[in-house]
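One letter stands for each residue in the lines below.
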Amino acid sequence: MEPNIVDEGGVTVVEGQPNQAFLTSARDVDRVIEACFGSRAGCVLLYTANLPAAFFDLSSRVAGDILQKLRNYRIRLAVVCPPGSVSYSSRFGEMVTEENRGEHFGVFETREAAVEWIHAFA
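Just so you know, the residues in each chain are numbered from 1, in the order the chain's sequence is written. The predicted nature of this model means local features are confined to residues of pLDDT at least 70 and side-chain atom pairs, given and counted, to a pLDDT of 80 or more, with totals for whole chains, interfaces and linings taken over all residues. Excluding hydrogens and water, the side-chain figures rest on all heavy atoms present in the structure.

Q: Give a description of the UniProt feature "domain: DUF4180" (unreviewed entry) in the chain that names residues and reports values.
A: UniProt positions are given in the numbering used here, feature names are shortened, and annotations may be inferred rather than shown by experiment. Mapped onto the present numbering, the UniProt feature "domain: DUF4180" (unreviewed entry) falls at residues 10–118. Strand forms 17% of residues 10–118 and helix 37%; the C-alpha atoms that close the span are 11 Å apart. A run of DSSP states H or I qualifies as a helix once it reaches four residues; a run of E qualifies as a strand once it reaches two. Both are numbered from the N-terminal end.

This is the structure in structure tokens:
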């Protein structure tokens, strides 16, 4: 799957397709970075289906590896995670609570909330 490049009110965003796998491991994050550089996007909008299950378990280190690489390139990540769409570890939940206060990574129940966050830090 290739991501979509969308304009969200003047902000270019690389967006995954809602029901398709995209990243199967932390190594695949390079495709996201290439798409961002190619489109001059500073933000990625992904859905739970776009991410490997291991992303939601901090002990796997997948989330940490992906987030660190995106931060190195100053690319923000918004993940749409409707209630019940995926189960995640308690540590992941704690990280989300902390990260949602910042501008680098956020997890949101709806696409609209994610886009609002993207605009807040554009």
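After presenting the structure, the write-up continues.
Q: Please provide a residue-by-residue account of the packing of aromatic side chains, values included.
A: Working definition: an aromatic ring pair is given by the centre-to-centre distance plus the angle between the planes. Between the rings of Phe, Tyr and Trp (Trp by its six-membered ring), a pair exists once the centres lie within 6.5 Å; its type follows the angle of the planes, with under 30 degrees stacked, over 60 edge-to-face, and the other angles tilted. Tallying each qualifying case throughout the model produces 8 aromatic pairs. Both rings, one in phenylalanine 37 and one in tyrosine 73, keep their centres 5.6 Å apart while their planes meet at 75 degrees; by these two values the pair is edge-to-face. Residue phenylalanine 37 is found in helix α1 (residues 29–39), and its partner tyrosine 73 is found in the loop between α2 (62–72) and β4 (76–80); the two are separated by 36 residues along the sequence. Each residue's exposure class comes from its accessible area (1.4 Å probe, protein chains only) as a fraction of the maximum for that residue type: buried when under 20%, exposed when over 50%, partly exposed otherwise. For tyrosine 73, a relative accessible area of 41% gives the class partly exposed. With centroids separated by 5.4 Å and ring planes inclined at 55 degrees, the aromatic side chains of tyrosine 88 and phenylalanine 92 adopt a geometry described as tilted. With a relative accessible area of 1%, phenylalanine 92 lands in the buried category. Within the aromatic cluster, the residues linked to one another by ring pairs are Phe55, Phe56, Tyr88, Phe92 and Phe105. One Lys or Arg, arginine 76, reaches over the ring of tryptophan 117 and ends 5.6 Å from the middle of that ring. Geometrically, a lysine NZ or arginine CZ counts as sitting over a ring once it is within 6 Å of the ring centre and also within 35 degrees of the ring normal.

Q: Residues and numbers for the layout of surface pockets, please.
A: Gaps between atoms show up when a probe of the same size as a water molecule is rolled over them. By volume, the largest pocket amounts to about 170 Å³. Points on a 1 Å grid over protein atoms alone make up a cavity when a 1.4 Å probe fits among them but cannot get out, and a pocket when they form an open set with protein on both sides within 12 Å along at least five of seven lines; lining residues each have an atom within 4 Å of a point. What lines the largest pocket is a set of 13 residues, and nearest its centre among them are Cys81, Tyr88, Val96, Val107 and Glu109. Put simply, Ala, Val, Leu, Ile, Met, Phe, Trp, Tyr, Cys and Pro go in the nonpolar bin, Asp, Glu, Lys and Arg in the charged bin, and everything else, Gly too, in the polar bin. Looking at side-chain class alone, the lining of the largest pocket contains 8 nonpolar, 4 polar and 1 charged residues. Grid points are joined across faces, edges and corners, and a volume is the space filled by probe spheres set on the points.

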